[in-house]
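As a plain string of letters, each chain reads:
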Amino acid sequence: MSRRIVVLTGAGISAESGIRTFRAADGLWEDHRPEDVATPEAFEADPALVHRFYNARRAHLSSDGVEPNAAHLALARLEQEYDGDVLIVTQNIDDLHERAGSRNVLHLHGELLKMSCTECAAVRDAWPELGVDSICPGCGVSGRLRPHVVWFGEMPIGLEGILEALEDCSVFAAVGTSGNVYPAAGFVHVAAAAGAQTVELNLEPSEVSFGFAEVRRGPAASEVPRWVDEVLTNQ
Ligand code: BV8
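First, a word on scope: everything that follows refers to the structure included in this document.

Rules used in this analysis
Residues numbered from 1 in each chain as written. Predicted model: local features only at pLDDT ≥ 70, side-chain atom pairs only at ≥ 80, totals over all residues. Heavy atoms only, no water. Helix = DSSP H or I, 4+ residues; strand = E, 2+ residues; numbered from the N terminus. Expected span 1.5 Å × (residues − 1). Buried < 20%, exposed > 50% of the residue type's maximum accessible area, 1.4 Å probe, protein only. Contact = heavy atoms within 4.5 Å. Near = heavy atom within 4 Å. Polar contact = N/O pair within 3.5 Å; in protein donor to acceptor, adjacent residues only side chain to side chain. Areas by Shrake-Rupley, 256 points an atom, 1.4 Å probe, with all protein chains shown as cover. Nonpolar A, V, L, I, M, F, W, Y, C, P; charged D, E, K, R; others polar. Pairing = 2+ DSSP bridges. Salt bridge = Lys/Arg side-chain N within 4 Å of Asp/Glu carboxyl O.

### What about helix 4 (residues 47-61)?
Since the α-helix turns once every 3.6 residues, residues separated by three or four places project in the same direction. Along its 15 residues, helix 4 runs 21 Å from first to last C-alpha, staying within 8% of the 21 Å computed at 1.5 Å per residue. Every buried residue belonging to helix 4 is among L49, V50, H51, F53, Y54, N55, R57, R58 and L61, and all of these are buried. Along its buried surface, helix 4 packs onto helix 2 (34-37), helix 3 (40-45), helix 6 (96-100), strand 4 (110-117) and strand 6 (145-149).

Below is the structure:
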């Protein structure tokens, strides 16, 4: 088995950077439940509403106060100083891991700062505002641009490579994810079955805490740096 460490992150790692989680008390975005807006059907039915939903999140992510926190920075340090491969599989569509310095990051559910064209399939950096009349810079067709994110019912990105990594890692850690969304919520079982040590770092129990050999309760910005220090000390 390789010394690889796989870290799955969810909305909770970005909470202390000021990005609301999906299941926060209100669980609403602009008065919409994500599950109601983050679907191909919602985009088909009301593309302008879905564009507004993502334009608002893109603007928030790019606003001054939103920066990587100590948890993102600790994972970047882990990648730099650990004597083995570190893969971050994130369910988040923000770019805070990259801005913290992580390079080996896989966005399972896409990226808010990218857009794709349903006409020519090109994926490129998104403009701050996308709309129903936006014209694809690649093929020139209007009205076919969408956020490059994976909606409910759509195929996650990079699944094959992720499953290969899970089947050959020595440590699997999940940070700030409620374990509600599949296939990500099932990753701990794949890693555990392959013999990896498993640890969950979360403020509260998740839907899959039972699947972890170890759980650490507390905010990511303090728990993740502590965990990274231990991994690097014991490596
Ligand atoms: C798939 C991008 C098939 C968009 C997201 C019917 C039809 C089709 C599929 C399904 C179906 N029924 C069920 C499914 C499967 C479905 C699913 O799981 N639905 C759920 C609702 C039951 N999944 C899918 O559709 C996926 N695709 O199944 O394709 C397939 C699968 C495998 C193989 C072949 C084919 C695609 C799902 C992707 C949806 N897109 N995001 C966008 O962002 O707008 S999901 C979105 O919600 C996020 O990406 C994230 O994944 C999820 C939110 O989850 P979390 O990240 O965990 O966040 P949450 O708010 O829930 O929890 C926060 C956690 O942090 C909490 O635990 C909290 O305690 C903790 N926390 C808070 N603060 C802190 C903290 N922890 C530490 N420190 C803190 N400070």
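Still more ground to cover, so stick around.
### Thoughts on the site of the ligand
As a structural note, the neighbourhood of the ligand is formed by 34 residues, with R23, R57, Q91, G153 and S178 the closest of them. R57 places a side-chain nitrogen or oxygen 2.6 Å from an oxygen atom of the ligand. Contacts to the ligand include N202, whose side-chain N or O atom sits 2.7 Å from an oxygen atom. For the ligand, the accessible surface in isolation is 1,500 Å², of which the surrounding protein chains cover 76%. With 3 residues, the single largest contributor to the shell around the ligand is helix 1 (residues 11-15). Of the residues contributing to the shell around the ligand, the split by class is 17 nonpolar, 12 polar and 5 charged.

### Observations concerning the pairing of strand 4
Bridge count between strand 4 and strand 6: 4 bridges; the pairing is antiparallel. Looking at strand 6, one finds that S116 is bridged to R146. With 3 bridges connecting them, strand 4 and strand 5 (residues 123-125) associate as antiparallel partners. Counterpart to S116 in the pairing with strand 5 is V123. Between the antiparallel neighbours strand 4 and strand 5 lie 5 residues, among them A121 with a positive phi of about 70°.

### Side note on the pattern of salt bridges
Two side chains bearing opposite charge may form a pair once their charged atoms approach each other closely. Evaluation of the coordinates by the stated rule reveals 13 salt bridges. We note a salt bridge from D168 to R4, for which the minimum N-O separation is 4.0 Å. Of this pair, D168 sits in the loop between helix 7 (159-166) and strand 7 (171-175) while R4 sits in the segment before strand 1 (5-9), and the two are 164 residues apart along the sequence. On the accessibility criterion, D168 (30% relative accessible area) is partly exposed. Note that R99 is salt-bridged to D95, the shortest N-O span being 3.4 Å. With a relative accessible area of 37%, R99 lands in the partly exposed category. Linked by salt bridges that have partners in common, R4, D85 and D168 make up one network.

### Notes on helix 9 (residues 220-234)
With 15 residues, helix 9 extends 20 Å between its outermost C-alpha atoms, agreeing within 8% with the 21 Å of an ideal straight helix rising 1.5 Å per residue. Where helix 9 is concerned, the buried positions are A220, E223, V224, P225, W227, V228, V231 and L232. Taken together, the buried residues of helix 9 touch strand 1, helix 1, helix 5 (70-81), strand 7, strand 8 (197-202) and strand 9 (214-217).

### A short note on the environment of R217
Counting through the fold element by element, R217 comes out in strand 9. When the C-alpha atoms of R217 and L203 are compared, they prove to be 5.1 Å apart, with 14 residues separating the residues in sequence. Leave out the neighbours within four places in its chain, and R217 touches E200, N202, L203, E204, P205, S206, S209 and E223. For R217, the side chain forms a polar contact with the main-chain oxygen of E204, separated by 3.4 Å.

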